[in-house]
Structures are given as C-alpha cells and as structure tokens.
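# Fold and geometry: a report
Listed here are the chains, written in short residue letters.
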Amino acid sequence: MKKIIAIVLAALMLATALVLASCEPADSKPTLNVYTNAGFAPYEYLDSNGNVVGVDMDVITYIGEQLGYKVVINDIEFNQILNEVANDKFAVGAAGMTKKPARDEVALASDIYATSIQYVIAPKGTFEAGAVVPAADVVSYILGQSAKAIGVQKGTTGADLAAGAVEGTDASTMEYSNAIVASADIGTTVSAVIIDKMPAESICSNNANLECWQLDADVESYVMYFNKEATELVAQVNEILGQMIADGKIDEYTVNHSSGN
C-alpha cells in the first residue's frame, strides 16, 4: 500500500510541475531594455495613447520576439541613451542613432539598417524650393533675424553640424530635448532648426508655416547601439536585421509610420 501511495504522490508531483511549467508567465522571459527618445518621428514618437511607437520600436520589438526577449521601452533624454546602454548588458539604444567613432568607443554598433541626411527647418520661403542649402547659408540667414540662434536636439549630428557652422560668428545654437519642441520656438527664440530628414519632414507636414530643405552635408548611417559585452546578442540581431532588410520589412515599417505624424 505504501508503495502505491508513493507512486501516486510522485505522479501528482510530476503533473503539478508540468502544469506550473505550462502556466509560466511571459514575464519570465529575459528582458531587453530599449532606450529611445520619442521626439523623432517616424522612428520614435508618441501615439494618441501616449505609447512610444515608430520604425525603431517595430524593428526592435520584432527582433526581441524572434530572440525570445521581453522588450521594455524606456523614453529618456537622447544624450543619456549611451550611458544606459554602457551600464546594462541587455540594453539597446534604438533612436535613429548615427554611427560615429565617439559612440563606437562606448557601445557596440549593429549593422546599418537605414540612412539619412541633415535638413534645416525654417519659415516657408526662406530658401529656394528644392535647394540643397550649405550650413553657411543657414548662418547668414539667422544673422539677419532677431533670434540669432539655430535650434538643435542635444547630442545629435545636427547639433554638432550647427555648432561648427556658427563658430566664429555672432550666431549661436540652442539645445532642446527634441526637434519638435525646438521648431515650436522658430520665430521667437530660434530662427531655424537642424535635424535629420524624416523628422524634419514630419514636423513640416504638421505645420503649414514651416518648410524644410536638405543641407549640404554627408549621408549618415543609422545603427542600434548595444553594451560592449553583448557580442553574441549583436551577432543575432545583425542576422535578423539582414533578413528584415532583404524582405523589405524595415521599408514597410517606414511607410507605415511616415504618414500622419
């Protein structure tokens, strides 16, 4: 009898373990912390419900699902993203980040998944339609305005470009958390804003008084940045990124997020 009871108890324990395993919550997945700045449409922005959405969020969420991670999105200041990544092995900076040697020193870059160019935002008619504008011409323009400053998003390529352009002149740059906030000050605190192409176009599409023009500048390459120790994770990410590019998936995300933002 004791032997039978022991067998029954063992069977019950096994059944219970199987049930518990099948009911294991999704939260038990390893967490991938995504750091971004939601003022850079169409790559990252807030939807009508206040959720962070965009091309980068779709890309990294898809990658996370493929690799079995629970993706947690953190909306922070752009210039703090690499600090967070450097301190967390399971973190990624996904924020339309241009690949730069200075960033490569503190974080590990993924393969390139998109390219961009810098644009200038100013009142309609400031420059000729379709013109490719030298940064020096932007400075000449703002020097003739009451607000002799160019608005930039802190920590971006546009901020570096603008700082170099105003050096040695009476013009200056003014840093903002993002280009949306900066553009709202055009005509008061700043006279123009420099930011990447697609965010510039998104801002101008939502403001009838503003227009944007391509700057005469180098083409930039967007990557995602990971912790220096996450070499295996980056290799996995690059494999999926390559397939997504080949399948046109990133182009699809870009089209989906490029209207109405």
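Residues numbered from 1 in each chain as written. Predicted model: local features only at pLDDT ≥ 70, side-chain atom pairs only at ≥ 80, totals over all residues. Heavy atoms only, no water.

## Considering helix α2 (residues 55-67)
As a reminder of what qualifies: Numbered from the N terminus, helices here are DSSP runs of H or I no shorter than four residues, and strands are runs of E no shorter than two. By this rule, a helix spans an expected 1.5 Å times one less than how many residues it contains. Think of it in three bands: residues with accessible area under 20% of the maximum for their type are buried, residues over 50% are exposed, and the middle band is partly exposed, with areas taken using a 1.4 Å probe on protein chains only.
The first and last C-alpha atoms of α2 sit 19 Å apart over 13 residues, in line with the 18 Å expected at 1.5 Å per residue. Taken together, the buried positions of α2 are V55, D56, M57, V59, I60, I63 and G64. Within two residues after α2, G68 carries a phi angle of roughly 85°, on the positive side.

## A closer look at the nonpolar core
Selection criterion: Think of a nonpolar core as a cluster: buried Ala, Val, Leu, Ile, Met, Phe, Trp, Tyr and Cys residues, connected wherever their side-chain atoms sit within 4.5 Å.
Membership of the largest hydrophobic core comes to 45 residues, with the highest contact counts inside it found for V59, I63, I121, M224 and F226. Broken down by element, the residue count for this core peaks at six residues, all from helix α9 (residues 231-247). Membership of the second largest hydrophobic core comes to 18 residues, among which are V138, Y141, I142 and A171.

## Details of the confidence of the model for the protein
Defined as follows: As a per-residue measure, pLDDT tells how confident the predictor is, with possible values from 0 to 100. We call two residues in contact when some of their heavy atoms are within 4.5 Å.
The predicted model of the protein has a mean per-residue pLDDT of 92, with 89% of residues at 70 or higher. Counted against residues more than four places away or in other chains, residues 14-19, with its pLDDT under 50, gives zero contacts.

## Looking at the packing of α2 against helix α10 (residues 249-256)
To keep it simple, the criterion reads: Interaxial angle, 0 to 180 degrees, is taken between N-to-C directions of lines fitted to C-alpha atoms, where a helix line uses only the stretch in contact. Whether a crossing is left-handed or right-handed is set by the direction in which the near helix is turned from the far one by less than a right angle, anticlockwise for left-handed and clockwise for right-handed.
Between α2 and α10, the least distance of the axes is 9 Å, while the angle of their chain directions is 140°. Of the two elements, α2 crosses α10, and the hand of that crossing is right-handed. For the pair α2 and α10, the contacting residues are V55, D58, V59 and Y62 in the first and K249, I250, Y253 and T254 in the second.

## Quick word on the sheet that holds strand β13 (residues 210-215)
Test applied: For two strands to be treated as a pair, DSSP must find no fewer than two bridges joining them.
Strand order in the open sheet formed by six strands is β9-β13-β8-β12-β10-β11, with mixed pairing between adjacent strands. Each edge of the sheet is formed by a strand with only one pairing partner; in this case those strands are β9 (132-133) and β11 (172-176). Each of β8 (118-123), β12 (192-196) and β13 touches helix α8 (residues 197-205); the most contacted strand, β12, lies at about 130° to it.

## As for the pattern of salt bridges
The test is simple: Throughout this description, the term salt bridge denotes a Lys or Arg side-chain nitrogen within 4 Å of a carboxyl oxygen of Asp or Glu.
Scanning the model with the defined rule gives three salt bridges in all. In this structure, K100 engages D160 in a salt bridge whose closest nitrogen and oxygen atoms are separated by 3.0 Å. With K100 in the loop between β5 (91-98) and α4 (101-104) and D160 in helix α6 (residues 157-166), this pair connects stretches of sequence that are 60 residues apart. A salt bridge links E201 to K197; the shortest N-O distance between them is 3.1 Å. Placement of the pair is E201 and K197 together in helix α8, with a separation of four residues, close to one helical turn. Note on K197: relative accessible area 29%, which makes it partly exposed.

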